[in-house]
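Coordinate analysis (summary)
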Amino acid sequence: MIAAPSPQGFGVVDAFSRIVRLGEGLTASGALSEAAMKRTVEALRICANKLTWHRVGHRRLVATEACRMAANGAEFIARVKDEVGLELEIIGREMEAKLAAVGAEPLMEEGAADALVFDIGGGSTELMWLDNRNGRPEIAAWVSLAAGVVTVSERFGGVEVDAGNYAAMREYLRPMIGEFAERVRRGMGGALPAHLLGTSGTVTTIAGVQLGLRRYDRARVDGCWLAREEIARVCLELQAMSYAERMDNACIGRDRADLVLAGCAILEEICHAFPTPRVRVADRGLREGILTLMMKTDGTYGTDPGSLK
């Protein structure tokens, strides 16, 4: 994501994303596979070309859970530098949580005292309790769980998922998420957050399906609200679909068809642990958090770009 300062914060100049499944097979092997690394290098080559084309100077390029966990993660970072010319930084789980929270923060409901932000990734899931009682959201508690859509689907299956597989996913996830929920409840006097705020392909996909979109539309998804009952209904609807039907759905597609039910299981367990009535959907997160933090650090966030010339 490439952006420039604007009075509203920043304006996106160009953006690109591709599902590369860098962590595919990592749980079993402990290392990044050659095929996964090759897919990722090809995608990063496109990113490098865009950075050159737009003459981007100030940049931050990060890698997350797959590179943190893999025995050859550092070797892959060196390979990217040699083959593509990009210097990636492997960030820690706390920094990943902070960046995701900063990216989603603008969608926290006005006047809300707190919110539970979650980011369901491929290899990990971050949960952050944002405390806004002083008018400036701060992370009061956070956790990074070594469970994401890729790792969960690899463990339990993602193509053919029956009721038993799905229940096993949820049972596996429940103690991980429940332990954090209990810790937060003790620290916050048993209170629930004002609302949940989700940023990830999972929650945006579910929103797209709930809205009945014939093709994904970020303008309609980003900032929309989902009731817990709507989430449960869509998850049941997706479980009833065949793999082919999931691939044919415009809001899921071929790239997510074998991952979406693992994401549903994670999301439903988050809703079970924090049973608030509503979830706000953010089609934004880590990338927006990086840009916001960079611009706030150098004093350009929310400025008129013309004043910088």
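Every chain is numbered on its own, with residues counted from 1 as its sequence reads. Whole-chain, interface and lining totals are the exception, using all residues; otherwise, since this is a predicted model, local features are given only for residues with pLDDT of at least 70 and side-chain atom pairs are given and counted only at 80 or more. In computing side-chain properties, one takes all heavy atoms of the structure into account and sets aside hydrogens as well as water.

**Digging into the sheet that holds strand S7 (residues 138–145)**
We count it as follows: Only strands that DSSP links by at least two bridges are regarded as paired with each other. Only DSSP runs of H or I reaching four residues or more are called helices, and only runs of E reaching two or more are called strands; each is numbered from the N terminus. Axis geometry follows a simple rule: fit a line to the C-alpha atoms, using only the stretch in contact for helices, then measure angles between N-to-C directions, giving values from 0 to 180 degrees. Contact criterion: two residues are considered in contact whenever any of their non-hydrogen atoms come within 4.5 Å of each other.
With respect to topology, six strands assemble into an open sheet ordered S7-S6-S5-S8-S10-S9, the strand pairing being mixed. With partners counted over all chains shown, the strands left at the sheet margins are S7 and strand S9 (225–227), one partner each. Ignoring strand direction, the axes of neighbouring strands in this sheet form an average angle of 25 degrees. Strands in contact with helix H5 (residues 93–104) are strand S5 (114–120), strand S6 (125–131), S7, strand S8 (196–199) and strand S10 (278–282); relative to S7, the strand with the most contacts, it is inclined by about 125 degrees.

**Focus on the pairing of S5**
Where we set the bar: Only protein chains enter the accessibility calculation, which uses a 1.4 Å probe; a residue is then buried when its area is under 20% of its type maximum, exposed when over 50%, and partly exposed in between.
Where burial is concerned, most of S5 is hidden: seven out of the seven residues are buried. Residue alternation in S5 divides its side chains into two sets, Asp 114, Leu 116, Phe 118 and Ile 120 and Ala 115, Val 117 and Asp 119, and both sets are buried. Across seven bridges, the pairing between S5 and S6 is antiparallel. Paired with Asp 119 across the bridge in S6 is Glu 126. Between S5 and S6, which pair antiparallel in sequence order, lie four residues. One ladder, built from three bridges, connects S5 with S8; its direction is parallel. Residue pairing for S8: Phe 118 is matched across the bridge by Gly 198.

**Some words on the state of the cysteines**
Here a disulfide denotes one covalent bond, and it connects the sulfur atoms of two cysteines. Quick reminder of the rule: Any two cysteine sulfur atoms lying within 2.5 Å of each other are counted as a disulfide.
Under the criterion given, the structure shown has zero disulfides. Here Cys 47 is not disulfide-linked; the sulfur of Cys 67 is the nearest cysteine sulfur, at 14 Å.

**With respect to the pairing of strand S1 (residues 2–6)**
By the bridge criterion, five bridges tie S1 to strand S2 (residues 9–14) in an arrangement that is antiparallel. Paired with Ala 3 across the strands is Val 12, a residue of S2. Counting the residues in the hairpin turn of S1 and S2 gives two residues.

**Quick look at the pattern of salt bridges**
Heads up, the rule is: What makes a salt bridge here is a side-chain nitrogen of Lys or Arg within 4 Å of a carboxyl oxygen of Asp or Glu, nothing more.
Following the criterion strictly, the structure yields 22 salt bridges and no others. Arg 93 serves as the salt-bridge partner of Glu 65, at 2.6 Å between the closest nitrogen and oxygen. Of this pair, Glu 65 sits in helix H3 (residues 65–69) while Arg 93 sits in helix H5, and the two are 28 residues apart along the sequence. When its relative accessible area of 4% is taken as the criterion, Glu 65 is described as buried. Residue Arg 186 is joined to Glu 182 by a salt bridge in which the shortest nitrogen-to-oxygen separation is 3.8 Å. With Arg 186 and Glu 182 both in helix H7 (residues 163–187) and four residues apart, this pair spans about one turn of that helix. According to the relative accessible area criterion, Glu 182 is partly exposed, its value standing at 36%.

**Focus: helix H6 (residues 149–156)**
With six of eight residues buried, H6 is to be regarded as a mostly interior element. Listed in full, the buried residues belonging to H6 are Val 149, Val 150, Thr 151, Val 152, Ser 153 and Phe 156. Of the surrounding secondary structure, the elements contacted by the buried residues of H6 are helix H1 (26–29), S5, H7, helix H8 (201–210) and helix H13 (260–273). Two residues or fewer after H6 comes Gly 157, characterised by a positive phi angle close to 95 degrees.

**Considering unusual backbone geometry**
Peptide bonds are, in most cases, trans, and in most cases residues other than glycine have a negative phi. With a phi close to 50 degrees, Arg 21 is a non-glycine residue in the positive phi region. Tracing the backbone shows Arg 21 in the loop between S2 and H1. Of the residues examined, Arg 21 reaches a relative accessible area of 18% and is grouped as buried. Residue Arg 55 is not a glycine yet carries a positive backbone phi of 55 degrees. On the secondary structure map, Arg 55 appears in the loop between helix H2 (34–53) and strand S3 (62–63). Residue Arg 55 is classed as exposed on the basis of its relative accessible area of 77%.

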